[in-house]
Amino acid sequence: MIIILFFFNLDKEFEIVYVVQGQGLFSVQTNQYIAKEGDIVIIPPEVLHSIKQLNNNEVEYFNILFDFNLLENKNSYCYEKYFKGIYDHTQILPTYLQKEQELNKLITPHLQYLISKRKEKYSTGELMVKSNLYAILYYLVQHGKNTNDTYLKLEKNYSKIKNVLYHVQEHYAEVITVDNAAMLINYSASYFSKLFRELTGTSFTQYLKDYRLEIAADKLITTEKTITEISQETG
């Protein structure tokens, strides 16, 4: 995938991004990384993240998304021991793996196998796909660590902002003011605005505008609707 600009988003799946060429500015929670060819970015479920254009550079990357249920039932021993902490954010995994790092070198062959199989709609290699995902998670978990009080406080703030972002995803065509958004999480408009900018690097008003433009651009490409119709549907 080649990308110019991608705004803050939330996914319920575990995501692994492998940069093929170019470079881009990757944000995961409050951390930012300039990822280049061969670098890997790890994005746990429901973590605020974005990819943005860096100057005039484009970035080509593959992203692999999957739900832990693909590998383990939520009631299984392995899920409880290894995956639950990742999903509920009580265990922190390495986020940015540069090409020259040893952990990157361990994971890359498994990612390359998965990428090589991406176009196969029907395959007898499901076990190999799962085995490579298990191997990747094995190496990541080995380098994980438990959360601390500072992270938990940050996570609490992020959970509030997530609720606002989910609301935007469902109601972007409606009128949504800063006051409306702040009321959703019982914050004052001033405190909400300050917190939103601290956690995302942009204002809520700008985020809403950018999100609507992203939806509108997608509709222009994927539907036959007029610009007027799309503008009415996207607020």
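Residues numbered from 1 in each chain as written. Predicted model: local features only at pLDDT ≥ 70, side-chain atom pairs only at ≥ 80, totals over all residues. Heavy atoms only, no water.

This part covers the side chain of N104. Residue placement: N104 occurs in helix α2 (residues 102-116). A distance of 3.2 Å separates a polar side-chain atom of N104 from the backbone oxygen of Q98. Once residues lying within four places of it in the same chain are set aside, the contact partners of N104 are G38, D39, I40, L97, Q98 and K99. (Helix = DSSP H or I, 4+ residues; strand = E, 2+ residues; numbered from the N terminus. Polar contact = N/O pair within 3.5 Å; in protein donor to acceptor, adjacent residues only side chain to side chain. Contact = heavy atoms within 4.5 Å.)

For the pair α2 and helix α3 (residues 126-142), interaxial distance at closest approach is 9 Å and the crossing angle is 160°. One finds that α2 runs roughly antiparallel with respect to α3. When you trace α2 past α3, the crossing you get is left-handed. Contact residues: α2 offers L103, L106, I107, H110, L111, Y113 and L114, while α3 offers M128, V129, N132, L133, A135, I136, Y139 and L140. Residues that form the contact of α2 with α3 fall into these classes: 13 nonpolar, two polar and no charged. (Axes fitted to C-alpha atoms, helices over the stretch in contact; angles between N-to-C directions. Parallel < 35°, antiparallel > 145°, perpendicular 65-115°, else oblique. Left-handed = near helix turned anticlockwise from the far one by under 90°. Nonpolar A, V, L, I, M, F, W, Y, C, P; charged D, E, K, R; others polar.)

Here we take up the nonpolar core. Core analysis: the largest hydrophobic core is formed by 24 residues, its most contacted members being F14, F66 and L140. Only β3 (14-28), β5 (40-43), β7 (59-66), α1 (77-87), α2 and α3 provide two or more residues apiece to this core. Excluding its chain neighbours within four sequence positions, the residues that come into contact with L140 are F14, I42, L93, P94, L97, L103 and I107. Membership of the second largest hydrophobic core comes to 20 residues, among which are Y158, V164, I176 and L208. (Core = buried A, V, L, I, M, F, W, Y, C linked by side-chain atoms within 4.5 Å. Buried < 20%, exposed > 50% of the residue type's maximum accessible area, 1.4 Å probe, protein only.)

Attention now moves to a nonpolar patch on the surface. On the surface, L220, I221 and I227 cluster together into a nonpolar patch covering about 360 Å² of accessible area. Given a relative accessible area of 48%, L220 falls into the partly exposed group. (Patch = residues over 30% accessible without salt bridge, like charges linked within 9 Å, V, L, I, M, F, W, Y side chains within 5 Å. Areas by Shrake-Rupley, 256 points an atom, 1.4 Å probe, with all protein chains shown as cover. Salt bridge = Lys/Arg side-chain N within 4 Å of Asp/Glu carboxyl O.)

The next thing to look at is α2. Taking 1.5 Å as the rise per residue, α2 with 15 residues should run 21 Å; its terminal C-alpha atoms sit 22 Å apart, in good agreement. T108 marks where α2 bends most, by close to 35°; the proline P109 follows one to four residues later. Listing the buried residues of α2 in full gives L103, N104, I107, T108, H110, L111, L114 and I115. Looking at the buried side of α2, the elements it contacts are β3, β5, β7, β9 (96-97) and α3. (Expected span 1.5 Å × (residues − 1). Bend = angle between axes of the 7 residues up to and from the residue.)

So, about helix α6 (residues 189-200). Over its 12 residues, α6 runs 16 Å from end to end, which matches the ideal 16 Å to within 8%, given 1.5 Å per residue. Along α6, the residues classified as buried are F192, L195, F196, L199 and T200. Each buried residue of α6 sits inside an arc of 105° when the element is viewed along its axis, so together they form one side. (Arc of directions from axis to C-beta.)

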